[in-house]
Amino acid sequence: MIDHVHDLTAVREATDRLLDAVGELDNAAVAGPSRLPGWTRGHLLAHLARNADALVNVLEGRPMYASAEARDADIERDASRPLDAHLADLRESAARFRQATDAPADWTRTVTLRNGVTDVAARVPFRRLVEVELHHVDLRIGYEPADLPAEFTAREIEFLTERFSGHPDVPALRLTATDGGTWSTGRTEGEPLAVTGTAAALMCWLAGRQGGPELETGGAPLPVLPPL
């Protein structure tokens, strides 16, 4: 069962970790490359702030973004700002998200995200947690996949394997974490390919990030997963 109150606490803790780490940067570091191709750290910080506002829109019944073009333009507009502006925006947008989630609401209602995707409102805090935690890693400032809370990593694997379950472009897979946990995903027909590694490596691979070289497949090629 989804516990949105628990997840909101995790969001606040993850946001505090992010703000503390980003506060140690300087303007030159903000302009440096992140782990995401074509994006600087400034692009990621701008995206995180705008994502908080977008999820407020979702919770309040408005479109998540005005359009895909507007989303991208906002990120490009804000990416080159100095560190202080990014920090202020991150804090203020996080406060707006917290205010929206503190308001009385029916957390069992269905909400609409990007591209017509729907979900239960109670999962929105976890979606925000994913953004904060994974993009903290993507910033390439010392926070690594192995530093992610174990509970978050396991839940994100569960979330991603659920998304890929039955996907026609994903072969049948049986995932085993050497530090605990097994999951099945992909197509339902065929002998599952066994993929083994740490939970952090499995999660990174499922999320489209580095992790493949650390995974064992018994000599079979590691499948290339479709974009999320």
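Anything mentioned here points back to the structure above.
Attention in this report is confined to the structure presented alongside it. Just so we're clear, the structure is a prediction, and the values are computed from it rather than from any experiment.

1. Focus: the packing of helix H1 (residues 4–22) against helix H6 (residues 124–138)
Look at H1 against H6: their axes get within 9 Å of each other, and the N-to-C directions meet at 25°. Of the possible angle classes, the one that applies to H1 and H6 is roughly parallel. Every pair of crossing elements has a handedness; the one defined by H1 and H6 is left-handed. Contact residues: H1 offers His-4, Asp-7, Leu-8, Ala-10, Val-11, Ala-14, Thr-15, Arg-17, Leu-18 and Ala-21, while H6 offers Pro-125, Phe-126, Arg-128, Leu-129, Val-132, Glu-133 and His-136. Per-class residue counts for the contact of H1 with H6 are 10 nonpolar, three polar and four charged.

2. Some remarks on empty space enclosed by the protein
All told, the structure shown has one cavity of 30 Å³ or more when counted by the stated rule. Approximately 30 Å³ is the volume found for the largest cavity. Around the largest cavity, the lining residues are Thr-15, Leu-18, Leu-19, Leu-48, Leu-90 and Arg-128. Its residues assigned to classes, the lining of the largest cavity comprises four nonpolar, one polar and one charged.

3. A short note on the layout of surface pockets
Considered as a void within the structure, the largest pocket measures approximately 1,200 Å³ in volume. As for the largest pocket, its lining consists of 35 residues, of which Arg-114, Glu-131, Arg-163, Arg-209 and Leu-228 are closest to the centre. Put simply, the parts of the chain that give the lining of the largest pocket at least two residues each are helix H3 (41–59), H6, helix H7 (150–164) and helix H8 (199–206). Ranked by residue count, the leading element in the lining of the largest pocket is H6, at six residues. Tallied by class, the residues present in the lining of the largest pocket amount to 22 nonpolar, five polar and eight charged.

4. A look at the packing of aromatic side chains
Taken as a whole and assessed by the stated rule, the structure comprises two aromatic pairs. Ring centres 6.1 Å apart and planes at 45° place the aromatic pair Phe-126 and Phe-152 in the tilted group. Taken together, the positions of Phe-126 in helix H6 and Phe-152 in helix H7 put the pair 26 residues apart, joining distant regions of the chain. A relative accessible area of 3% means that Phe-126 is categorised as buried. Joined through ring pairs, the aromatic side chains of Phe-126, Phe-152 and Phe-159 make up one cluster. One Lys or Arg, Arg-71, reaches over the ring of Tyr-65 and ends 5.7 Å from the middle of that ring.

Criteria and cut-off values
- Residues numbered from 1 in each chain as written.
- Predicted model: local features only at pLDDT ≥ 70, side-chain atom pairs only at ≥ 80, totals over all residues.
- Heavy atoms only, no water.
- Axes fitted to C-alpha atoms, helices over the stretch in contact; angles between N-to-C directions.
- Helix = DSSP H or I, 4+ residues; strand = E, 2+ residues; numbered from the N terminus.
- Parallel < 35°, antiparallel > 145°, perpendicular 65-115°, else oblique.
- Left-handed = near helix turned anticlockwise from the far one by under 90°.
- Contact = heavy atoms within 4.5 Å.
- Nonpolar A, V, L, I, M, F, W, Y, C, P; charged D, E, K, R; others polar.
- 1 Å grid on protein atoms, 1.4 Å probe; cavity = no way out; pocket = protein on both sides within 12 Å on 5 of 7 lines; lining within 4 Å.
- Points joined across faces, edges and corners; volume = space filled by probe spheres on them.
- Phe/Tyr/Trp six-rings, centres within 6.5 Å; stacked < 30°, edge-to-face > 60°.
- Buried < 20%, exposed > 50% of the residue type's maximum accessible area, 1.4 Å probe, protein only.
- Lys NZ or Arg CZ within 6 Å of the ring centre and 35° of its normal.

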